[in-house]
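Each chain, letter by letter, is given below.
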Amino acid sequence: MARQNTLLSTVLNRLRRPLALTWAGLLLERLVRAFWPLWTLIAVCAAALVLGLQDLVMLEVIWAIGAAALLAAGIFAVRGIWRFRWPRRSEALARLDSALPGRPLQSLADEQAIGGGDAGSEALWRAHLARMADSAGNARAVEPDLKLSTRDPLGLRYLALTALVVALLFGSVWRAGSVAGMAPGGPDLATGPAWEGWIEPPAYTGRPSLYLNDQTGRIAVPEGSHVTMRLYGEVGALRIEETVSDSEPAPADPGTPERDFTVVRDGRLSVTGPGGQSWQIVAEADTAPEVTILEDGTKTTFDGRMSQPFKARDDYGVVDGTATFRLDLDRVERRHGLTTPPDPREPIELELPMPITGDRADFTETLVENLSQHPWAHLPVTLQLEARDRAGQVGRSAMKEMTLPARRFFDPMAATVIEQRRDLLWAKANARRVTQVLRAVSHQPSPDLFRSETAYLRLRVILRRLETLVAHDSLTDESQGEIAQALWDLAIKLEEGDIGDALERMRAARERLSEAMKNGASQEEIARLMQELRRATEDYLRQKSRQAQREGQQDGDQQMAENMRRMTQQDLQDMMDRIQELMEQGRMAEAQQALEEFQRMMENMRVTQGQGQQGQSPGQQAMEGLADTLRQQQGLSDQAFRDLQEQFNPNAEAGQSQGNEGRSGGQGRGQSHEGQQGRGEGSGSQPGQPGAPGQPGDRQAEGTGEGSLADRQEALRRELERQRRNLPGGGSAAGEQARESLDRAGRAMEGAEEALRGDDLAGAIDRQSEAMEALREGMRNLGEAMAENNRRTQGGQGQARGQAGAQQSDPLGRSPGQGGRVGTQDSLLQGEDVYRRARELLDEIRRRAGEGERPDVELDYLERLLDRF
């Protein structure tokens, strides 16, 4: 027995540290469980004091809350003391033993019950005790169980701890000292009454708050500033007097401990009584914003986009603004359709663009908008700008009389359509007059009036629709808008054209430029039309080059001397530069004469073909095939338009649909829709007669001449697919783009075929238009691929040509030079064009940056561009 007690004492001596830690954990566990409501309450009160919440409520409220907190703390303390039990050593030993396997400490304290005199039994018992002693020697301190989830299911202790951490981070422990002066008999009563005050300007001014205890004399603050005054100590010892607000003084108790009011005028603010002070308050008025329309920089681009600069300023920054256009009816020239009283229409209101970065107190911006489609386009209007600040004040600019900027149309028929569109939108009562005018101008039109039958047929469809609405007196606002949109699209088509023939496109560009000079167009419009003429001329030269190669022209010296005029690209460039220079100098008569000479020269010029060009290359054959496909697709589209028109009026257009087999709307033979001789027949074929055999157009016509429009559309789509598979130019970027364009054309043809089989002529016409546009793009890309291939070929053969002594020229008669290179001495863009283009790009960026509905990613990108440039 003595040996067993000695063994237990030895084990307990080794376990002194784990046992002490286990006892301490048990003590902490009981303290937490007994007093957690008390320390939670203490944490909440400390957080409130450190945050200074006691300074925001009345003194009586603080007293009430303090009393309630003290009462609750006493209850929680008594409750904790009642439940707390001091842990004993045996309890710690039992917890430590329970954490060990087999409870070895309890086993060491046990006595052998049987076999006391048996040597074997005693040896076994000693071995058991030795094993228990070894197991007890591995004991570790038991961690206390501090979980309170069952006692605090709402987690109030965590809320209190979070509040305390926030108070320590954002508050000040020194603010807790202010509660000492609030207690009865505190230092405030001992030292006398005290006061505090603050003036807080409106947040949008960005000005700091003022602590009145640190201010003396005269104080200037913005109107609308909020004043807070607090009195401490004996009630009634101090009084607040002020004449800066509209609030009435408290009638019963002028010594109220706290007062709040707003500064609305100049006046005095005083604290009367022991230690009081007085201030002269000056209320600074928040002036209304100022906005001014700037005359310098006002311009309108060729497409009708207006740029109107303005300047705005405000004391504390402009928030937003609007631009309002109102019709100036007194200045409207009441002629033609404008003699009718106009329908009521709301003024045009546009949101003014604001600076994305920087100060909005004083800035200059530009309002960019395109109002070409508005009914008031080119009519007298008044413009007034409004700017608003955060106080809700509105500043207005002076009225500016102006003509509403819009796009100008130089094609006579397009201008007529736009004028009738304006009359229709001016008043619904003009609808009958509009139908009469449109029917008159489209009756037996001359070939020069409508360059394509598609435009004419579209006008007739619009006219028939409008006449139907007028006859049934069913012209609603919605149908009026639909007709107006259709007329706008038609005018754009007439103005910009859908002309496949390069010569006709060049003639149209020259006519628009001539019309612009006669009408006194702006420099921007003239520059745009001149650039259009340059592009049309380049297209015409490329077409003439391909025509010369197809006809197998040779460079005989005698034929060249008698029938050909050879020009270089630089000569053409110099001639067009001269025309533009004359227009910029205001010498319009000379410019007009030079323009006519240029047109006659281009029509009479024949472009030479280089030596050694025998036969046609694969690229030339592909280009011819695509041109035939384009003409046949145009013919199918024209026929679909005629069928659609006959649906509206079966008798009116029947005569026009007969005997037109030779047009491009028939079987792809005879003349194309532009009036030029088609590729389907030989040069001697007449409209309505079959073309020369073996031509690509005849083969396609024979394959698609019978059957419905849908069958012919399907056959044309299959032919296009064959051409796309055999398209040359693979491996180059332009060649791949050509294939993608032809693939889009094929999908559009398939959509047109499905629409035709479903008797949806309108949808088929839309798909056919997409197919033709994709075909034109594919032909342009194919031409670029061919040109790139020719440049590489000429570069590789330049040395051989130099050794042979043969100096070849390109189709424009230019010398290839070393390495087959042909260049120009001028830059692509010179002079003011560079800066004008840069200004246009910057204005466009500003316009898009002002559109709040755009994605945030795009707005951020635009903002970075504006910051950089």
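Structure: above.
Residues numbered from 1 in each chain as written. Predicted model: local features only at pLDDT ≥ 70, side-chain atom pairs only at ≥ 80, totals over all residues. Heavy atoms only, no water.

(A) Just the overall build of the chain, in detail. Within the chain, the secondary structure is distributed over 24 helices and 17 strands. A separation of at least 24 residues holds for 71% of the contacts in the chain among residues at least 6 apart in sequence. For the chain, the exposed area adds up to about 46100 Å²; of that, 51% sits on carbon and sulfur atoms. (Helix = DSSP H or I, 4+ residues; strand = E, 2+ residues; numbered from the N terminus. Contact = heavy atoms within 4.5 Å. Areas by Shrake-Rupley, 256 points an atom, 1.4 Å probe, with all protein chains shown as cover.)

(B) Seen up close, the pattern of salt bridges. Taken as a whole, this structure holds 35 salt bridges when the rule is applied. Of the charged contacts, one joins D328 and R331 as a salt bridge, the two residues approaching to 2.5 Å between their closest N and O atoms. R331 sits in the partly exposed class, given a relative accessible area of 34%. Across the pair R439 and E467 runs a salt bridge whose closest N-O atoms are separated by 2.8 Å. One end of the pair, R439, is in helix α10 (residues 431-441); the other, E467, is in helix α11 (residues 453-471), and 28 residues separate them in sequence. The class for R439 is partly exposed, based on a relative accessible area of 31%. Taking relative accessible area as the criterion, E467 reaches 19% and is therefore assigned buried. The network of salt bridges with common partners includes D711, E714, R717, R718, E753 and R757. (Salt bridge = Lys/Arg side-chain N within 4 Å of Asp/Glu carboxyl O. Buried < 20%, exposed > 50% of the residue type's maximum accessible area, 1.4 Å probe, protein only.)

(C) Spatial organisation of the environment of T476. Within the secondary structure layout, T476 lies in the loop between α11 and α12 (477-496). Given a relative accessible area of 42%, T476 falls into the partly exposed group. For the pair T476 and K428, spaced 48 residues apart in the sequence, the C-alpha separation amounts to 8.5 Å.

(D) Representation of the sheet that holds strand β3 (residues 217-222) within the structure. Ordered in space as β3-β8-β7-β5, the four strands form an open sheet in which the pairing is mixed. Either end of the sheet is taken by a strand with one partner, and the two such strands are β3 and β5 (239-242). Between one strand axis and the next, the sheet turns through 20 degrees on average, direction left out of account. Of the strand pairs in this sheet, β3 and strand β8 (residues 277-284) are connected by six bridges, and their pairing is parallel. Bridge assignment links R218 to a residue of β8, and that residue is Q280. (Pairing = 2+ DSSP bridges. Axes fitted to C-alpha atoms, helices over the stretch in contact; angles between N-to-C directions.)

(E) Main features of α10. Along α10, the positions that sit buried rather than exposed are A431, V434, T435 and L438. Projected onto a plane normal to the axis of α10, the buried residues spread over an arc of 100 degrees and lie on a single side. The exposed set on the far side of α10, more than 90 degrees from its buried face, consists of Q436 and A440. (Arc of directions from axis to C-beta.)

(F) Summary view of the packing of aromatic side chains. Within the structure shown, the criterion is met by eight aromatic pairs. Seen from their ring centres, Y204 and Y316 are 5.9 Å apart, and the 75 degrees between their planes marks the pair as edge-to-face. With Y204 in the loop between β1 (194-200) and β2 (210-211) and Y316 in the loop between β11 (305-313) and β12 (318-327), the pair connects residues that are 112 residues apart, well separated along the chain. The class of Y316 is partly exposed, set by a relative accessible area of 22%. Note that R407 overlies the ring of F409, its terminal NZ or CZ placed 5.3 Å from the centroid. (Phe/Tyr/Trp six-rings, centres within 6.5 Å; stacked < 30°, edge-to-face > 60°. Lys NZ or Arg CZ within 6 Å of the ring centre and 35° of its normal.)

(G) Broad picture of the pairing of β5. Residues I240 and E242 line the buried face of β5, whereas the alternating positions R239 and E241 sit on a face that is not buried. Relative to strand β7 (residues 267-272), β5 runs antiparallel, the two sharing four bridges. In the strand pairing of β7, E242 is matched with L269.

(H) View of the nonpolar core. Membership of the largest hydrophobic core comes to 58 residues, with the highest contact counts inside it found for L424, L466, L494, L626, L775 and L782. At the level of elements, α9 (412-426), α10, α11, α12, α18 (618-648), α20 (709-725), α21 (733-757) and α22 (761-804) are the ones that each hand at least two residues to this core. When residues in this core are grouped by element, the largest group, ten residues, is from α22. By size, the runner-up hydrophobic cluster in this structure holds 27 residues, among which are M306, V318, I348 and L404. (Core = buried A, V, L, I, M, F, W, Y, C linked by side-chain atoms within 4.5 Å.)

(I) Unusual backbone geometry, seen in detail. The backbone phi angle of H336 is positive, close to 55 degrees, even though this residue is not glycine. Of note, H336 is situated in the loop between β12 and β13 (348-351). Assessed through its relative accessible area of 44%, H336 is described here as partly exposed. Of note in the backbone geometry, D473 takes a positive phi value of approximately 50 degrees without being a glycine. Mapped onto the secondary structure, D473 falls in the loop between α11 and α12.

(J) Summary view of the sheet that holds strand β6 (residues 258-262). Pairing is antiparallel across the open sheet formed by four strands, whose spatial order is β2-β1-β4-β6. The open sheet is flanked by β2 and β6, the only strands paired with a single partner. Sheet topology note: the strand β4 (residues 226-232)/β6 ladder contains five bridges and is antiparallel. Counted as the bridge partner of T228 is D260 from β6.

(K) Local environment of a nonpolar patch on the surface. Together, L51, L53, L56, V57, M58, V61, I65, L161, V165, V166, L169 and F170 line one region of the surface with nonpolar side chains, adding up to about 1100 Å² of accessible area. Among the secondary structure elements, those contributing two or more residues to the nonpolar patch are α3 (59-83) and α7 (156-170). Mapped onto the fold, I65 is located in helix α3. On the basis of relative accessible area, I65 is assigned to the exposed category, the value being 54%. (Patch = residues over 30% accessible without salt bridge, like charges linked within 9 Å, V, L, I, M, F, W, Y side chains within 5 Å.)

(L) Spotlight on the pairing of β4. Among the seven residues in β4, six count as buried, and that is most of the element. In this sheet, β4 lies alongside β1 in antiparallel orientation, the contact comprising seven bridges. From the neighbouring strand, E196 faces β4, where its bridge partner is R230.

(M) Focus on the side chain of D423. Relative to the helices and strands, D423 is located in helix α9. Sequence-distant contacts of D423, defined by excluding residues within four places in its chain, comprise G337, L338, N430, R433 and V434.

(N) Layout of the packing of α9 against α12. Their axes nearest at 8 Å, the elements α9 and α12 cross at an angle of 165 degrees. Our classification of the angle between α9 and α12 gives roughly antiparallel. The crossing of α9 and α12 is left-handed. Residues M413, A414, V417, I418, R421, L424 and L425 of α9 pack against Q480, I483, A484, L487, W488, L490, A491, L494 and E495 of α12. By residue class, the composition of the contact of α9 with α12 is 13 nonpolar, one polar and two charged. (Parallel < 35°, antiparallel > 145°, perpendicular 65-115°, else oblique. Left-handed = near helix turned anticlockwise from the far one by under 90°. Nonpolar A, V, L, I, M, F, W, Y, C, P; charged D, E, K, R; others polar.)

(O) Just the side chain of R739, in detail. Mapped onto the elements, R739 comes out in helix α21. Buried within the structure, R739 lacks any salt-bridge partner; its nearest side chain of opposite charge belongs to E736, at an N-O separation of 4.4 Å. At 2.3 Å, the side chain of R739 forms a polar contact with the backbone oxygen of L727. (Lys, Arg positive; Asp, Glu negative; His and termini not counted. Polar contact = N/O pair within 3.5 Å; in protein donor to acceptor, adjacent residues only side chain to side chain.)

(P) Looking closely at α11. The end-to-end C-alpha distance of α11 is 27 Å, a good match for the 27 Å that 19 residues give at a rise of 1.5 Å each. The buried fraction of α11 amounts to 14 of the 19 residues, a majority that puts the element mostly inside the structure. Once α11 ends, the next one or two residues include D473, with phi positive near 50 degrees. (Expected span 1.5 Å × (residues − 1).)

(Q) Region of interest: the environment of L859. Tracing the sequence through the fold places L859 in helix α24 (residues 856-868). The class of L859 is buried, set by a relative accessible area of 18%.

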